[in-house]
Amino acid sequence: MSGFVGVVVSDQWLHSQFTQVELRGLHANFVSASNESGKATLGNLPPVMCKLKALKDILSADDISRILSESATDATEEIDFESFLRLYLDLQGRATAKLGNTKLKTSSSFLKARTTTIRHNISESEKASYVAHINSFLREDKFLKDFLPIDPSGNALFELVKGGVVLCKLINVAVPGTIDERAINTKKVLNPWETNENHTLCLNSAKAIGCTVVNIGTQDLVEARPHLVVGLISQIIKIQLLADLNLKKTPQLVELVEDSKDVEELLGLAPEKVLLKWMNFHLKKAGYKKQVNNFSSDLKDGEAYAHLLNALAPEHGTTNTLDTKDPTERANLIIEQAEKLDCKRYVTPQDIVEGSPNLNLAFVAQIFQHRNGLSVDTKKISFAEMMEDDAQTSREERCFRLWINSLGTDTYINNLFDSVRTGWVLLEVLDKIAPGSVNWKQATKPPIKMPFRKVENCNQVIRIGKELNFSLVNVAGNDIVQGNKKLILAFLWQLMRFTMLQLLKNLRFHAQGKEITDADILNWANKKVKSAGRKSQIDSFKDKSLSNGMFFLELLSAVEPRVVNWSVVTKGETDEDKKLNATYTISVARKLGCSIFLLPEDIIEVNQKMILTLTASIMYWSLQHKADTPETIPEEDIAASDESPAAPSDGENASS
């Protein structure tokens, strides 16, 4: 890992226009069009360029040929990679103009933050707000206290981010316990390998709490690219601020709805939508006639804020806020009134007047946290609690939801069971893991008014699943439309398992062209541990000895000896020690580079599905990173089995 430096571009401005993920992809496309001298001709570029994501379906090969001919008449002229990048930026700009999207956003979306090369400006106000958040929540941290408070006016934030520690700590503030801090490298001076470990741990943990990090690589964080850093921090902070906007944490939210059907709808809403619903609930009670539909333009005049604060905190209420005609003065009074509720200042008057969506959302979330104004209706709360899933179902829902979001599909999902019922999300996932399998001409994109269109989508999902050899006996598309949780979870498990086995299968020089099965993964793990001189061995992914975490720590140490600090590992004899080991195991695996979504409870309780995903992820990482000393899977380890590589293990199927 320490040897990775990414794709280097000598022109610093040009280099700054791309993430490392984008550079690697573009370099691969450039190489495909290059000759032996490492250069490409202008005539070779159009067929390659028109397939790039930012240009696909917008500019054809003929369009690109015509554009290139405007600046050069000789199609045989050779260009290098940097010239290729400049041409790509020019084409990207033209593609954007063709779509009519000439007014580009200057700040990233707060959660669905798609990183592109055309959105590189950052809001200084947002940066200052996030710096204040970090200074406030991490000021007592033993390691960071020497570096805080951060000065928001300079580049101190980005310099601190380069070590990786502050982002890991911020994730733990947002979702406590996500990262075992024993896995963070916290020396004053880190070598490149240790720095890369911290950033790898950060990115994999960010995915595990719901952040979108598809286009961010560790090298981008090593270089602390401002737009990427601010975008990632904004997502982490949003997750923290909206953590209580669900019925499990705040059952009083049932007051926002009238009946059981509305409660189901509330369960499926994204946290920010719940926040808007809460705000409009109080505004309606206060006699405010308008509906607030967003956290930007609808809040610019400050009237909604004034009514909301007067309703929630009548002891601090005043008519002055509404009487003033100047929006900036009104915004000042709003902030003063909110501070009487001990709300942290996320917005300035200018942010309110200009309608900053990210900072307004943060501000409203703070008001909710300090004064939600909801009553306790025991009957409604009891009903909401009855609708909660059992712990096992909740953990699997969380795992599959986060896994789907990590794939970079166009649809971000907040509630798994509600989101998959149209079939569209599942089609997006299938298209990711089995490209070309979806017939998009026969699919309908939400919002879908006609119920039979949802059934059509879901029927196609089931058809593709059968083509991939999933076990789907007596399962129909309507089962998904009806929200059958058991069948949905069983289907998604097969989907995830298929993806893992395909990744391993694609490493053909390791598997010698053979299919990979669960038994191969088990055999590989046992032999890997044994080869490192360790004694732990397991009989299956249901082996109760796995609950103490020792086998996985020995496996991780076997694939990368430096990654486990044995001085912090417990014997795993008590329940508390088992949890410590399980938490440490997950963080060490993520630190190594495994993208996993299980929880410590899954190890402690030996959840065989999650245990398999963890083992397979470690195996995939190991086989990928041992290219210098090829680690083939011996033929005797390729289990002879009639089981399809995508069929469920241990007799489990989707219709059971």
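Check the entry above for the structure.
Residues numbered from 1 in each chain as written. Predicted model: local features only at pLDDT ≥ 70, side-chain atom pairs only at ≥ 80, totals over all residues. Heavy atoms only, no water.

1. Brief notes about the overall build of the protein
Broken down by element type, the protein carries 31 helices and 2 strands. Considering the protein as a whole, with its 656 residues, one finds that 53% of them fall into the buried category. Here the analysis covers contacts within the protein between residues at least 6 apart in sequence; of these, 65% occur between residues at least 24 apart. If you sum the accessible surface of the protein, you get close to 29400 Å²; carbon and sulfur atoms cover 50% of it. (Helix = DSSP H or I, 4+ residues; strand = E, 2+ residues; numbered from the N terminus. Buried < 20%, exposed > 50% of the residue type's maximum accessible area, 1.4 Å probe, protein only. Contact = heavy atoms within 4.5 Å. Areas by Shrake-Rupley, 256 points an atom, 1.4 Å probe, with all protein chains shown as cover.)

2. Description of the environment of Glu124
Checked against the element boundaries, Glu124 lands in helix 6 (residues 124-137). Residue Glu124 is classed as partly exposed on the basis of its relative accessible area of 46%. For the pair Glu124 and Pro152, spaced 28 residues apart in sequence, the C-alpha to C-alpha distance is 8.5 Å.

3. A word on the packing of aromatic side chains
Scanning the entire structure with this criterion turns up 10 aromatic pairs. When the centroid spacing of 6.2 Å and the interplanar angle of 20 degrees are considered together, the rings of Phe81 and Phe84 count as stacked. Separated by 3 residues within a single helix, Phe81 and Phe84 lie in helix 5 (residues 81-98), roughly one turn from each other. The exposure class of Phe81 is buried, given its relative accessible area of 11%. Ring geometry for Phe551 against Phe552: centres 5.9 Å apart, planes inclined by 75 degrees, an arrangement best described as edge-to-face. Judged by relative accessible area, Phe552 falls into the buried class, the value being 0%. Taken together, the aromatic side chains of Phe30, Phe81 and Phe84 make up a single cluster linked through ring pairs. Above the ring of Phe143, the side-chain terminus of Lys188 is found at 5.5 Å from the ring centroid. We note Arg562 situated over the ring of Trp193; from NZ or CZ to the ring centre the distance is 4.0 Å. (Phe/Tyr/Trp six-rings, centres within 6.5 Å; stacked < 30°, edge-to-face > 60°. Lys NZ or Arg CZ within 6 Å of the ring centre and 35° of its normal.)

4. Focus: the nonpolar core
Ranked by size, the top nonpolar core spans 168 residues in total, and within it Leu232, Leu275, Trp278 and Met279 carry the most contacts. Per-element tally for this core: the top contributor is helix 25 (residues 485-506), with 12 residues. Beyond its immediate stretch of four places on either side in the chain, Trp278 contacts Leu256, Leu308, Leu312, Val364, Ile367, Phe368, Arg371, Asn372 and Leu374. Core analysis: the next-biggest nonpolar cluster, separate from the first, contains 29 residues, Val48, Cys50, Ile64 and Ile79 among them. (Core = buried A, V, L, I, M, F, W, Y, C linked by side-chain atoms within 4.5 Å.)

5. Section: unusual backbone geometry
Of note, the amide linkage connecting Leu148 to Pro149 takes the cis form, showing an omega dihedral of 0 degrees. Of note, Pro149 is situated in the loop between helix 6 and helix 7 (156-161). In the segment running from Pro446 into Pro447, the intervening peptide bond is cis, with an omega of 0 degrees. Of note in this structure, Asn474 is not a glycine but carries a positive phi near 60 degrees. Take Asn474: it is sitting in the loop between helix 23 (451-467) and helix 24 (477-481). Classification of Asn474 as exposed rests on a relative accessible area of 74%. Of note in this structure, Val606 is not a glycine but carries a positive phi near 55 degrees. Relative to the helices and strands, Val606 resides in the loop between helix 30 (600-604) and helix 31 (608-624).

6. Quick word on the packing of helix 25 against helix 31
Two elements in contact, helix 25 and helix 31, have axes whose closest approach is 10 Å; the angle formed by their N-to-C orientations is 20 degrees. Taken together, the axes of helix 25 and helix 31 lie roughly parallel to each other. Helix 31 is crossed by helix 25, and the crossing has left-handed handedness. Between helix 25 and helix 31, the residues in contact are Trp493, Met496, Arg497, Met500, Leu503 and Leu504 and Lys609, Leu612, Thr613, Ala616, Met619, Tyr620 and Leu623, respectively. Each residue belonging to the contact of helix 25 with helix 31 can be placed in one class, and the counts come to 10 nonpolar, 1 polar and 2 charged. (Axes fitted to C-alpha atoms, helices over the stretch in contact; angles between N-to-C directions. Parallel < 35°, antiparallel > 145°, perpendicular 65-115°, else oblique. Left-handed = near helix turned anticlockwise from the far one by under 90°. Nonpolar A, V, L, I, M, F, W, Y, C, P; charged D, E, K, R; others polar.)

7. Some details on helix 28 (residues 550-559)
By the criterion of burial, helix 28 is predominantly enclosed, with 10 of the 10 residues buried. Buried residues of helix 28: Met550, Phe551, Phe552, Leu553, Glu554, Leu555, Leu556, Ser557, Ala558 and Val559, and no others. Taken together, the buried residues of helix 28 touch helix 27 (518-531), helix 29 (575-592) and helix 31.

8. Quick notes on the environment of Lys277
Residue position: Lys277 is located in helix 13 (residues 271-285). On the basis of relative accessible area, Lys277 is assigned to the partly exposed category, the value being 32%. A C-alpha to C-alpha distance of 8.7 Å links Lys277 and Val292, two positions 15 residues apart in sequence. If we skip the residues at most four places from it in the chain, Lys277 touches Leu256, Val257, Leu266 and Leu269.

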